[in-house]
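Examining the three-dimensional arrangement
Spelled out, the chains give:
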Amino acid sequence: MSLQMVTVNNNIALIQPGFSLMNFDGQVFFFGQKGWPKRSCPTGVFHFDVKHNHLKLKPAVFSKDSCYLPPLRYPATCTFKGSLESEKYQYIIHGGKTPNNELSDKIYVMSVVCKNNKKVTFRCTEKDLVGDVPEARYGHSIDVVYSRGKNMGVLFGGRAYIPSAQRITEKWNSVADCLPHIFLVDFEFGCSTSYILPELQDGLSFHVSIARNDTIYILGGHSLANNIRPANLYRIKVDLPLGSPAVNCTVLPGGISVSSAILTQTNNDEFVIVGGYQLENQKRMVCNIVSFEDNKIEIREMETPDWTPDIKHSKIWFGSNMGNGTVFLGIPGDNKQAVSETFYFYMLKCAEDDVNEDQKAFTNSQTSTEDPGDSTPFEDSEEFCFSAEATSFDGDDEFDTYNEDDEEDESETGYWITCCPTCDVDINTWVPFYSTELNKPAMIYCSHGDGHWVHAQCMDLAESTLIHLSEGSNKYYCNDHVEIARALQTPKRVLPLKKPPLKSLHKKGSGKILTPAKKSFLRRLFD
């Protein structure tokens, strides 16, 4: 095993805990950045170009018929082949968190439609499910099993927000373990069926899963309800006859206590488990080899790499499997230095470079550190687009490199702004203030000048007032500008009273002729 530090040449801020890496024929692609894609990031998926320990992120290209793919963090991902003999494969993406901390219940299929020496064009399609549809979640696993010439997706574990009826201000963003159900998903017909197995009593998240033909092995994981990392080892076997599928579970000895570990495959029958946690904020520095022989699984410790002092002393770490027996790791930067990177990154090679990539299609795990709970919300960008041709970004390498300077100033747009000098809304610790809020603070538009957004909570607006203003088209002025707005207002113009001509008085009368005395009286009255 060899450990090497990696220098990120551009946009290091995009790489945050919860990302995923996808390996297509030896080319690695990054997915799941913290913010929404912008103009210079047209797809949200980047080519993970590592040369001589220097990493460069280049935006990938999607076909015209691709669906929208949000930059999900902590999703479940796996590879999918039409059959065991098939050479072409796709990536399945399910669940995960959006940058607004919303959870997804959708399934996306990523495939390569065009490839040349410089560009890869992807197609992303969304699969609609019917039947027992799994609820939106993150930190779970999805794998594909093959039996009797058929295939089926197996989904298990994860976390989800507590039901709406139980969500109060103090527990609005609280999550709970998903029920320990096994979901079988037919990707061809979009059918999903849940199974309750007596051996699976507790919900688990951030576990490790390994698919081998018709069998799934589930190792470790974290039970949020009990706050434990049990040394579990489950074998879930799926039989796919012509009739209904048969699913059974066996509890095996020899499991390990670990969560958020990263799994990489080194050869056809051998895997390596790297990283993870054994206790809260206590990293698991031991690596394990998982080997298979005659359908028997064996887990044993292996010689650990020469961890650097920075890695040893950091409280958290995260990463993902790059394929080819290589793991990409990240740790927080040193805040003591005047100029410090947010994260430092390393590549851990667990196998030789000549590993057969065709053997890497069945390695899956929740390859991220457990949710730190500090995801910064970002707004969806209207700049999201797809390119019709793979050559649309061809040209100089500098042109297609994601440029952070091209981004709009996020401090001036969106609901994470500082709306007034006394604004105290912190997006990292924000909880709903109004009953109508869910994923972000309520805001209201001040009409002064060119207009600007302010937080309704900072303006001390009653909820009834906020609802009233949001339903109408009334102008509103924030606390800082309400006096200015009043000073700009002028009294309404009063039209002068018109004096009716004497001729009209005769017309409007009773038809009688006015005497000279009455005419004199009326003149004095209207003058």
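All of these numbers come straight from a predicted model, not from anything done at the bench. Residue numbers restart at each chain and count upward from 1, following the sequence in its written direction. Local features in this predicted model are restricted to residues whose pLDDT is 70 or higher, and side-chain atom pairs enter the listing and the counts only when it is 80 or higher, whereas totals over whole chains, interfaces and linings include all residues. Side-chain metrics rest on all non-hydrogen atoms present in the structure, leaving aside hydrogens and water.

Topic: the UniProt feature "binding site: Zn(2+) 1" (unreviewed entry) in the chain
In the numbering used here, UniProt assigns the "binding site: Zn(2+) 1" (unreviewed entry) feature to Cys419, Cys423, His455 and Cys458. Across 40 residues of sequence, these annotated residues stay compact in space, with a maximum C-alpha separation of 8.1 Å. To qualify as a helix, a DSSP run of H or I must reach at least 4 residues; to qualify as a strand, a run of E must reach at least 2; elements of each kind are numbered from the N terminus. Relative to the helices and strands, cysteine 423 is located in the loop between β31 (363–365) and β32 (443–446). Under the scheme applied here, a residue whose accessible area is under 20% of the maximum for its type counts as buried, over 50% as exposed, and between as partly exposed, the area being computed with a 1.4 Å probe on protein chains only. Since its relative accessible area comes to 16%, cysteine 423 is described here as buried. UniProt positions are given in the numbering used here, feature names are shortened, and annotations may be inferred rather than shown by experiment.

Some words on the pairing of strand β33 (residues 452–455)
By the bridge criterion, four bridges tie β32 to β33 in an arrangement that is antiparallel. Across the sheet, the residue bridging to cysteine 446 is histidine 452, located in β33. Pairing between strands is defined by DSSP: at least two bridges between them are needed.

Regarding the UniProt feature "binding site: Zn(2+) 2" (unreviewed entry) in the chain
The UniProt feature table records "binding site: Zn(2+) 2" (unreviewed entry) at Cys446, His452, Cys478 and His481. Taken together, the annotated residues stretch across 36 residues yet fold into one region, lying no more than 10.8 Å apart by C-alpha. In this fold, cysteine 478 is placed in the loop between α2 (463–471) and α3 (482–488). With residues up to four places along the chain from it excluded, the contact list for cysteine 478 reads Cys446, His452, Val454 and Met459. Along the chain, the position of histidine 481 falls in the loop between α2 and α3. With a relative accessible area of 17%, histidine 481 lands in the buried category. Not counting chain neighbours up to four residues away, the residues in contact with histidine 481 comprise Cys446, His448 and His452. Contacts between residues were defined by any pair of non-hydrogen atoms, one from each residue, lying within 4.5 Å.

Re the sheet that holds strand β4 (residues 45–51)
A sheet is described by the order of its strands in space; here eight strands give the open sequence β2-β3-β4-β5-β1-β30-β29-β28, paired in mixed fashion. Both edges of this open sheet fall to β2 (20–24) and β28 (318–323), since each of them pairs with a single strand only. Each strand of the sheet is rotated relative to its neighbour by a mean of 35 degrees, with strand direction disregarded. In terms of strand pairing, strand β1 (residues 2–8) meets strand β5 (residues 54–59) through two bridges, oriented parallel. Residue pairing in the sheet places threonine 7 in a bridge with histidine 54 of β5. Here, axes are lines fitted to C-alpha atoms. For helices the fit covers the stretch in contact, and angles between N-to-C directions go from 0 to 180 degrees.

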